[in-house]
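Chain by chain, the residues:
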Amino acid sequence: MGNLRAESGVVVLVFMWVSSSVVVNGIGANWGTQATHPLPESTVVKLLKDNGFQKVKLFDADSATLNALAGSGLEVMVGIPNEMLPSLANSVESAERWVQKNVSAHVSSNSLNIKYVAVGNEPFLAAYNGSFLDSTYPALQNIQAALIKAGLGSQVKVTVPLNADVYQSSTNLPSTGDFRPDIHDLMIQIIKFLSDNAAPFTINIYPFISLYNDPNFPVDYAFFDGYSSSINDNGQVYNNVFDANYDTLVWSLQKNGYGNMSIIVGEIGWPTDGDINANIKYAQRFNQGFMSHVAKGTPMRPGPVDAYLFSLIDEDAKSIQPGNFERHWGVFNYDGTPKYNLRIGTTNSGGLALASGIRYLPRRWCVLSDSASLDNPQIGDSVSYACANADCTALGYSTSCSNLDAKGNISYAFNSYYQQNNQLDSACAFPNLSVITNTDPSVGNCKFKIMIQTISSRSNLSSGSFKNCIGMVPFVFMLLLIVI
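Residues numbered from 1 in each chain as written. Predicted model: local features only at pLDDT ≥ 70, side-chain atom pairs only at ≥ 80, totals over all residues. Heavy atoms only, no water.

(A) Summary view of the packing of helix α4 (residues 92–109) against helix α5 (residues 136–149). Across the interface, α4 lies against α5 with an axial gap of 8 Å and an inter-helix angle of 60°. Judged by the inter-axis angle, α4 sits oblique to α5. Between α4 and α5 the crossing geometry is right-handed. Here Val92, Ala95, Glu96, Trp98, Val99 and Val103 of α4 come into contact with α5, specifically with Asn142, Ile143, Ala146, Leu147 and Lys149. Partitioning the contact of α4 with α5 into residue classes produces eight nonpolar, one polar and two charged. (Axes fitted to C-alpha atoms, helices over the stretch in contact; angles between N-to-C directions. Helix = DSSP H or I, 4+ residues; strand = E, 2+ residues; numbered from the N terminus. Parallel < 35°, antiparallel > 145°, perpendicular 65-115°, else oblique. Left-handed = near helix turned anticlockwise from the far one by under 90°. Contact = heavy atoms within 4.5 Å. Nonpolar A, V, L, I, M, F, W, Y, C, P; charged D, E, K, R; others polar.)

Right, dumping it as structure tokens:
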């Protein structure tokens with residue numbers, strides 16, 4: 001899900017947001033870069049290798065990222081963003097230029113092991129209202145033709161990472177699954193093309209979304225450690241939604257003549273904040289359960305399955321349209337520190353190694369002044385502005401900072417904006433409200449961040465004065481201010 005996630009509105013196997021796996025020794029990770037203060041590319045590559053990841057999935061083909069991966073030995077899936085699909089669909093020459101710049105050049109000169117090109121990212125998601133229905137398949141064909149022309153047709157394979165809403169079931173049984181009627185013929189065209197070119201089917205599956213969208217979804221069915229009400233599908237027993245979802249895809253492929261097609265789980269994971277079910281306890285339970293389950297396969301496909309955890313690191317600049325949890329999928333925090341213990345399977349320490357060489361901004365925070373009154377009429381606009389231009393997704397019901405009072409919520413918003421703007425004095429200038437402190441205002445599990453140093457923070461380029469924000473529509477987090 002590098003982008004939006006949504007379930008199909010039809011009678012979809014509610015148990016649909018599940019995934020598959022890879023040999024534990026070959027697990028991959030999604031490396032997203034929608035962060036205001038991203039870690040250096042070389043640091044992330046070292047983080048991947050130190051923690052036993054053997055492959056990485058990207059959402060674009062950024063040259064700095066690809067250069068950092070050169071010589072690493074990591075297997076790479078490069079991505080083509082959805083917005084590029086129309087131009088690539090309409091021009092073989094554009095596809096050839098893209099392949100030359102983003103694949104051929106790196107494979108030939110940088111010793112980069114690019115194995116897949118991901119054409120689009122969940123382009124048929126129902127929430128996109130058909131925006132990419134006409135361009136995905138032609139773009140896929142043109143990229144494949146460009147790879148063949150470049151002499152890479154057998155070395156680099158194309159694929160299309162799809163959301164699990166491309167298939168559905170009229171019951172809760174995997175055996176009744178098939179592709180969505182509105183895209184069925186297009187799906188079969190793409191599947192045939194992938195099969196003809198020995199390329200895999202890539203699917204993104206999220207049990208968390210099942211839980212998020214349906215309050216009646218059985219919680220234990222989302223995990224791998226015991227569900228008492230197993231589902232029996234003609235002798236195939238399902239006690240977790242991962243297996244049921246994955247096998248719904250297997251049945252969908254089988255019914256349409258492609259029962260032996262290889263499958264990659266492009267994204268699977270669990271967020272740690274932003275929702276009542278997005279927390280460290282559940283994330284650790286799910287991801288460790290998946291790591292233990294990953295080599296077993298499913299009732300329909302026993303044996304190891306290919307998978308990429310979503311995601312490696314939190315991204316504080318992602319859209320929160322799907323939900324506040326969207327910025328918290330990382331196994332690692334924004335600074336490369338592990339959120340919880342996770343045994344990948346190739347590390348000997350039994351835990352995760354943290355990123356090395358990280359430098360932080362000074363230990364200071366922006367908070368609500370003790371002299372400020374909660375009745376100050378500028379508080380509403382101030383918090384609205386701070387949260388609209390920074391990350392306040394840890395605030396809210398049953399989140400990591402739900403224990404804060406009204407003053408704490410305001411301080412968290414101010415500090416988020418202050419840190420995102422590299423601790424500039426002008427970013428803690430909320431009129432007669434804010435003050436800079438050297439005392440850590442963190443409370444329990446609610447951590448007030450100190451941002452890491454990046455090129456922009458060291459050069460002090462980023463700015464953001466509050467002076468023009470008065471009159472903005474109050475931000476949704478203003479609701480928190482009534483809680484004391």
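After that view of the structure, there is still more to cover.
(B) Quick look at empty space enclosed by the protein. Enumeration over the complete set of coordinates arrives at two cavities of 30 Å³ or more. There is about 110 Å³ of room inside the largest cavity. In terms of residue class, the lining of the largest cavity is built from three nonpolar, four polar and three charged. By volume, the second largest cavity amounts to about 40 Å³. What lines the second largest cavity is Lys57, Leu58, Phe59, Gly79, Ile80, Ala118, Gly120, Asn121 and Pro161. Classifying every residue of the lining of the second largest cavity gives five nonpolar, three polar and one charged. (1 Å grid on protein atoms, 1.4 Å probe; cavity = no way out; pocket = protein on both sides within 12 Å on 5 of 7 lines; lining within 4 Å. Points joined across faces, edges and corners; volume = space filled by probe spheres on them.)

(C) Spotlight on the pairing of strand β4 (residues 113–119). With five of seven residues buried, β4 lies mostly within the body of the structure. Across six bridges, strand β3 (residues 75–80) lies against β4 in parallel orientation. The residue bridging Glu75 from the neighbouring strand is Asn113, located in β4. The pairing of β4 with strand β5 (residues 157–159) spans three bridges and is classified as parallel. Within the sheet, the bridge partner assigned to Val117 lies in β5 and is Val158. You can see the chain leave β4, run along α5 and come back into β5, and the turn it takes is right-handed. (Buried < 20%, exposed > 50% of the residue type's maximum accessible area, 1.4 Å probe, protein only. Pairing = 2+ DSSP bridges. Right-handed = clockwise from strand over helix to strand, strands pointing away.)

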